[in-house]
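These are the residues of each chain, in order.
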Amino acid sequence: MQPRARIRTWLGAAVAVAVLGGLALVSFPHTAPPPAATAGPGQPMGAVSPAPHVGDESRADAVDDLLRHRAQAVRSRDEQAFLATLDPKADQAFVAAQRRLFANLAGVPFDEWSYRLHADDALDLTELPNTGPADELWAPAVDLRYALRGADLTPTDRAMGYLFARHGDAWYLRSDTALDALGRRTWRGPWDFAPCVVTSTEHGIVLSHPGSEPVVDRLVRELDPSVAAVSAIWPTSWSHRVALLLPDSPDEMRALVGPDFPVESVVAVAVADRVDNKTRTVAGQRVVLSPSGVRALSVASLRIVLRHEITHLAARADTVDGSPTWLLEGFADYVGYRDSGVALAEGAPDLAKMVRHDGLPTELPEDRAFRSSGTELDLAYQQSWSLARYIAEQYGEPTLIAVYRKVAGAGPVAATETDAMLRELLGVDRDGLVANWQSYLRSALK
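Residues numbered from 1 in each chain as written. Predicted model: local features only at pLDDT ≥ 70, side-chain atom pairs only at ≥ 80, totals over all residues. Heavy atoms only, no water.

A. Broad picture of the pattern of salt bridges. Applying the stated criterion across every chain, the model contains 28 salt bridges. Here R316 makes a salt bridge to D321, at a shortest N to O gap of 2.7 Å. The partner of R338 in a salt bridge is E397, and the shortest N-O contact between them spans 2.6 Å. Of this pair, R338 sits in the loop between α7 (325-337) and α8 (344-347) while E397 is found in helix α11 (residues 397-408), placing the two residues 59 residues apart along the sequence. Classification of E397 as partly exposed rests on a relative accessible area of 22%. Taken together, the shared-partner salt bridges connect E112, R145, D157 and R274 into one network. (Salt bridge = Lys/Arg side-chain N within 4 Å of Asp/Glu carboxyl O. Helix = DSSP H or I, 4+ residues; strand = E, 2+ residues; numbered from the N terminus. Buried < 20%, exposed > 50% of the residue type's maximum accessible area, 1.4 Å probe, protein only.)

Here it is as structure tokens:
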């Protein structure tokens, strides 16, 4: 059994992280017939591929029409129509990648797949390296809008770095990488890396790749009970839908959670694409699992990690960016460990050692400690869990939840405002909370 769990959360990027057993765990219809044109790059030699014609339409209308055809081809699984939207003069590596992308999408059920064109946000292509012949090149902003069936109640949007090329009266997609040099990159989903397999449960899906069946079976068994466990303690409404993503490689995981994230040392990450606290709307929530780390977890550890991460999903609409990290991570750890039978000394060994040999903590964990490493980072997570556990044991779970909703719902506020909220709910300010927490630790760990 691996009882230790630390959680890291960077809510500005909507990311939560967890650690177990010495491993860092970081706990997205209109239909139209295909247009007609010259042979597309993905078709057999001599075949005629449909393509959009401009005619009297504007450039924006023509490209928007192209994107509608592309989306419809994905939804209807029409490979010929999909490949016909690609530039006949596009690099063949791009064409091959698009062919693989289309094939990889076959196993993914979508409630929506469409594109949004932002014609007024086009890049200046003066400095663009030569990408081949064309009568005109255009790079407007484009968003992919998609919803995973069984997981997303609200579609999510991801930016695509598309370069379009005109030949005569017809517009095509030339590249989804050429704009990297200009700072506009294409978001990569699981389907950009390998064929996708989706396994559904009552409360969500597990999206994986072929060859991960043993891990998927474990995740499927734990997903619904984890949702039920979180829902039993979290009082406000949330979707009760979870998408677990199991990538095949660190590169794929990095694409899903962010390029600067330490994916080699994490096991699970909770992410969201868009949060509106006023309307309590959250889009694109996922729990992304490490391809190697999750395989090393015991059943008990996996259960703790999933419940921790799903807590972040459930509470996200009520959590304002900039809230104290000790509260966010401590509460998620509390839910993760709840009913696990893991004692405080067992789950927080570094904190226990500190209390016994170096003395008690003298202040609440600072946000900067969650951006550190080693023992300082371990202590930050373990202290946070012990704080949440203390509040629940001393005041009751409803009060712990009330503290979370009040303080995390306020976001970044002055220390005096935090003190006022704590006095309202606990009868003490931060100094009083620390003093009472010290007494709890002295009794529980010495």
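Past the structure itself, the notes keep going.
B. Layout of the sheet that holds strand β5 (residues 136-138). Strands sit in the order β5-β8-β9 across an open sheet of three strands; the sheet is antiparallel. Lying at the two open borders of the sheet, with one neighbouring strand each, are β5 and β9 (170-175). Across the sheet, the axes of successive neighbouring strands diverge by a mean angle of 30°, strand direction being ignored. By the bridge criterion, five bridges tie strand β8 (residues 163-167) to β9 in an arrangement that is antiparallel. Paired with R166 across the strands is W171, a residue of β9. The strands touched by helix α1 (residues 59-76) are β5, β8 and β9; relative to β9, the strand with the most contacts, the crossing angle is about 65°. (Pairing = 2+ DSSP bridges. Axes fitted to C-alpha atoms, helices over the stretch in contact; angles between N-to-C directions. Contact = heavy atoms within 4.5 Å.)

C. Expanded view of helix α4 (residues 213-233). Taking 1.5 Å of rise per residue, the 21 residues of α4 would be expected to cover 30 Å, and the 31 Å separating its terminal C-alpha atoms lies within 8% of that figure. Where α4 bends most, at L223, the angle is about 30°, and the proline P225 comes one to four residues later. Within α4 the residues assigned to the buried category are V215, V216, R218, L219, E222, L223, S226, V227, A229, V230 and I233. (Expected span 1.5 Å × (residues − 1). Bend = angle between axes of the 7 residues up to and from the residue.)

D. Molecular detail of the environment of S114. When you line up the elements, S114 lands in strand β4 (residues 110-122). A relative accessible area of 19% means that S114 is categorised as buried. Sequence spacing of S114 and L67 is 47 residues, and the spatial spacing of their C-alpha atoms is 7.8 Å. Not counting residues within four places of it along the chain, the set of residues in contact with S114 comprises A71, R75, D143, L144 and R145.

E. Spatial organisation of the side chain of T85. Topologically, T85 is positioned in the loop between α2 (79-83) and α3 (92-104). For T85, a relative accessible area of 3% gives the class buried. Among all residues touching T85, those that are not within four sequence positions of it are L66, H69, R70, Y172 and L173.

F. Examining helix α6 (residues 299-315) more closely. Compared with an ideal rise of 1.5 Å per residue, which puts 17 residues at 24 Å, α6 spans 24 Å between its outermost C-alpha atoms and is within 8% of the ideal. Judged by how many residues are buried, α6 sits mostly within the fold: 14 of 17 residues are covered.

G. Structural view of the sheet that holds β4. Taken together, three strands build an open sheet; the order of strands is β4-β6-β7 and the sheet is antiparallel. The open sheet has two edge strands with one neighbour each: β4 and β7 (156-160). The mean angle between the axes of side-by-side strands here comes to 25°, regardless of whether they run parallel or antiparallel. Taken together, the nine bridges between β4 and strand β6 (residues 140-148) define a ladder with antiparallel strand orientation. Pairing of F110 across the sheet is with L148, part of β6.

H. Highlighting the pairing of strand β10 (residues 197-201). Pairing geometry for β10 and strand β11 (residues 204-208), over five bridges, is antiparallel. Bridge pairing links V198 to L207 in β11. Counting the residues between successive antiparallel strands, the hairpin from β10 to β11 contains two residues.

I. Representation of the packing of aromatic side chains within the structure. One pass over the structure, following the stated rule, counts 20 aromatic pairs. Taking 6.0 Å as the distance between ring centres and 50° as the angle between the ring planes, the aromatic pair formed by Y115 and Y162 counts as tilted. With a gap of 47 residues between them, Y115 in strand β4 and Y162 in the loop between β7 and β8 connect regions that are remote in the sequence. There is no split in this pair, since Y115 and Y162 are both buried. With a centroid separation of 6.1 Å and 90° between ring planes, the pair formed by Y162 and F164 is classed as edge-to-face. As far as the burial class goes, Y162 and F164 line up, both buried. Directly above the ring of F102 sits R77, whose terminal nitrogen or CZ lies 3.9 Å from the centroid. (Phe/Tyr/Trp six-rings, centres within 6.5 Å; stacked < 30°, edge-to-face > 60°. Lys NZ or Arg CZ within 6 Å of the ring centre and 35° of its normal.)

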